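Structural description and commentary
Given next are the chains, with one letter for each unit.
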Amino acid sequence: MKKKTAALCMAALMAVTLTACGGQAGQAEPTPEVQPQETQEEVQQESEDTEPTEPASEETGLEACTLTFLAWYPQEKFQPILNAFAEEYPDIQIEFQYAAPVADYLEKMQVLTSTGEIPDLFYIAAENKTEMIENGYCADISSTEAISRLVDTNKNTYESNGKYYGFAPTTWVGGYFYNKDIFTELNIEAPADWNEFLQVCKTLQDNGIRPIIERGEWFWDSFLGPFMNDYLVTDPDYHQEVIDGTKTFADGWGPYIQKWYEDLIVPGYVGEDLVSVSSQEFFSEFATGNAGLLAGHAGHLKEVQMLEPEFEIGFFPMPGTSGETKVAYGAVDCAMAVSSGTEHVKEAEAFLNFIARDDIVQLYQDMNGYVIGMDGIESDVDPVLSDIAKQYSEGKISVYIPQGNWGAYGTGLQQQLISSSQQLLLGDIDCNTFMEEMQNKLKELKDE
């Protein structure tokens, strides 16, 4: 099979800014202009001077209104939910807007918060949840039916000081998808530990097949298997210790970044051209059989399947050195939040409660393919991921991504992680400098 080579683009090193959990593929679509919101004081004065709006339903007591919604998922994926909501609440209109995750979405939210044009409903993610909550942009939705139905892990991810600010009904769990036809042809089995994983990569490379396909912002995640399953399981508070100053990035990450560099980058299993790989090439390179492994999650699996690959797809979690998977690559998904400045609190909460219904949350799960994190609801995940999803649902494994543990420093450290990992891949810095840059960035962010 012919190996495609992406053009190495140094500009990508400077152009990439942010990434986040569970991002969907595709370019950002043009979004309608968001009209400026009034301040709370203006809203209160206006309510005193005008007649009350007619209720949308005498039974619900909700008012006819338009809710602005900046979504993480494109409209064509969200449309079944929108259609169902419109049928049940015909007087509540949803002005749907979309910004592609992760970088475009976070940048869009930064613009909206700086101009005071925050939509009634929006998403918060691992990278910006602390900033959005602590700066008072998110309303407390603790009393909603939607929050009450979440399992503790999904509920607590967007908690602060005993209050809940985000409704995240799903969790993504990821690892490596592999081409079963290639594995059968080359007599390869799914690896159980790191050494077997390296042998798989070598066999693929020796036969002219790209071992691993990744995107330019995310190829660093290949070091997570050993770090999660060898180190993090023994020190789950590691990231907080780094933030508190009792440990450094070099203490925990250092040996595993070095291992990643020596075991995957030096032999070329993670190639330099990954710096410029776009989302579309990420999917097509795997779907056309040019790459043996794709690091990703259920959303990526859906995108690959849409390209109709002519082979069966398998899956294995990112392995550690011991062969026992205790922590998987993954995170509670981004969460829907209600603006603290909205004029339509009850109507916005009604939208979240609607999605939390048994029948509608299944539509939500159909949209992203993730594991449902709600009491009493089974997840109809793709059979490729059924085993890892079952392990997570039964509490046998936990999930991890770094940016979910960095609090208010998530955006800045994520930017530095992307930049430093790209420089390392291109040979511009060494592993020690990588760790120094991460540590210096944390100091810079704490000093701001």
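Anything mentioned here points back to the structure above.
An account of the accompanying structure is given in this report. Fair warning: this is a prediction, and the values are worked out from it, not measured in the lab. (Residues numbered from 1 in each chain as written. Predicted model: local features only at pLDDT ≥ 70, side-chain atom pairs only at ≥ 80, totals over all residues. Heavy atoms only, no water.)

**Digging into the overall build of the protein chain**
A count of helical and extended segments in the protein chain gives 20 helices and 13 strands. Here the protein chain, with 448 residues, has 55% of them falling under the buried criterion. Partitioning the contacts of the protein chain with sequence separation of at least 6, the portion at a separation of at least 24 is 78%. Carbon together with sulfur atoms contributes 44% to the accessible area of the protein chain, which is approximately 18800 Å² in total. (Helix = DSSP H or I, 4+ residues; strand = E, 2+ residues; numbered from the N terminus. Buried < 20%, exposed > 50% of the residue type's maximum accessible area, 1.4 Å probe, protein only. Contact = heavy atoms within 4.5 Å. Areas by Shrake-Rupley, 256 points an atom, 1.4 Å probe, with all protein chains shown as cover.)

**Let's talk about the packing of aromatic side chains**
Under the counting rule described, the total for this entry stands at 39 aromatic pairs. For the ring pair F85 and F354, a centre distance of 5.3 Å and an interplane angle of 70° mean the geometry is edge-to-face. One end of the pair, F85, is in helix α3 (residues 75-88); the other, F354, is in helix α16 (residues 345-355), and 269 residues separate them in sequence. Pair check on accessibility: F85 and F354 agree, each one buried. Every member of this aromatic cluster is reached through a ring pair, and the members are F69, W72, Y73, F78, F85, Y89, F96, Y105, Y123, F351, F354 and Y364. Geometry around Y158 places K129 over its ring, the cationic atom sitting 5.4 Å from the centre. Against the face of F282 rests R215, its NZ or CZ located 4.9 Å from the ring centre. (Phe/Tyr/Trp six-rings, centres within 6.5 Å; stacked < 30°, edge-to-face > 60°. Lys NZ or Arg CZ within 6 Å of the ring centre and 35° of its normal.)

**A look at helix α19 (residues 410-425)**
When the terminal C-alpha atoms of α19 are compared, their 22 Å separation across 16 residues agrees well with the 22 Å that a helix rising 1.5 Å per residue should span. Positive backbone phi, at 80°, marks G427, one or two positions downstream of α19. (Expected span 1.5 Å × (residues − 1).)

**Things to note about α3**
An α-helix turns once every 3.6 residues. As a result, residues three or four positions apart point the same way. A rise of 1.5 Å per residue sets the reference length of α3, with its 14 residues, at 20 Å; its end C-alpha atoms lie 19 Å apart and thus fit the reference within 8%. The largest bend in α3 amounts to roughly 35° and is located at I81. Taken together, the buried positions of α3 are F78, I81, L82, A84 and F85. Against the buried residues of α3 lie β1 (65-71), β2 (92-98), β3 (121-124), α16 and α17 (358-368). (Bend = angle between axes of the 7 residues up to and from the residue.)

**Here we look at the pattern of salt bridges**
Going through the model one piece at a time under the given rule, you end up with 15 salt bridges. A salt bridge links K202 to D206, with the shortest nitrogen-to-oxygen separation between them at 2.8 Å. In this pair, K202 and D206 are both assigned in helix α9 (residues 194-206), four residues apart and thus about one turn of the helix distant. Note on D206: relative accessible area 51%, which makes it exposed. (Salt bridge = Lys/Arg side-chain N within 4 Å of Asp/Glu carboxyl O.)

**With respect to the packing of α3 against α17**
Two quantities define a packed helix pair, namely the angle between the helix axes and the distance between the axes. Contact geometry for α3 and α17: axes closest at 8 Å, N-to-C directions at 165°. Classed by the angle they form, the pair α3 and α17 counts as roughly antiparallel. The element α3 and its partner α17 pack so that their crossing is right-handed. On α17, the residues that touch K77, F78, P80, I81 and A84 of α3 are I360, L363, Y364 and M367. Tallied by class, residues from the contact of α3 with α17 come to eight nonpolar, no polar and one charged. (Axes fitted to C-alpha atoms, helices over the stretch in contact; angles between N-to-C directions. Parallel < 35°, antiparallel > 145°, perpendicular 65-115°, else oblique. Left-handed = near helix turned anticlockwise from the far one by under 90°. Nonpolar A, V, L, I, M, F, W, Y, C, P; charged D, E, K, R; others polar.)

**What to know about the packing of α9 against helix α13 (residues 254-265)**
For the pair α9 and α13, interaxial distance at closest approach is 11 Å and the crossing angle is 30°. Taking contact as the criterion, the partners of W194, F197, L198 and C201 in α9 are, on α13, K259, D263 and L264.

**Considerations on the pairing of strand β8 (residues 291-296)**
The element β8 is largely enclosed, with a buried count of six among its six residues. When strand β7 (residues 210-213) meets β8, the two strands line up parallel, connected through three bridges. Paired with I212 across the two strands is L293, which belongs to β8. (Pairing = 2+ DSSP bridges.)

**Here we look at the sheet that holds β3**
Across the sheet, which stays open at both edges, the four strands sit in the order β2-β1-β3-β11 with mixed pairing between neighbours. The sheet is open, and its two edges are formed by β2 and β11 (335-338), each paired on a single side. When strand polarity is set aside, the average angle formed by the axes of neighbouring strands in this sheet is 30°. Across seven bridges, β1 lies against β2 in parallel orientation. Within β2, the position partnered with F69 by the bridge is F96. The strands that α16 touches are β1, β2, β3 and β11; relative to β11, the one it contacts most, it runs at about 160°.

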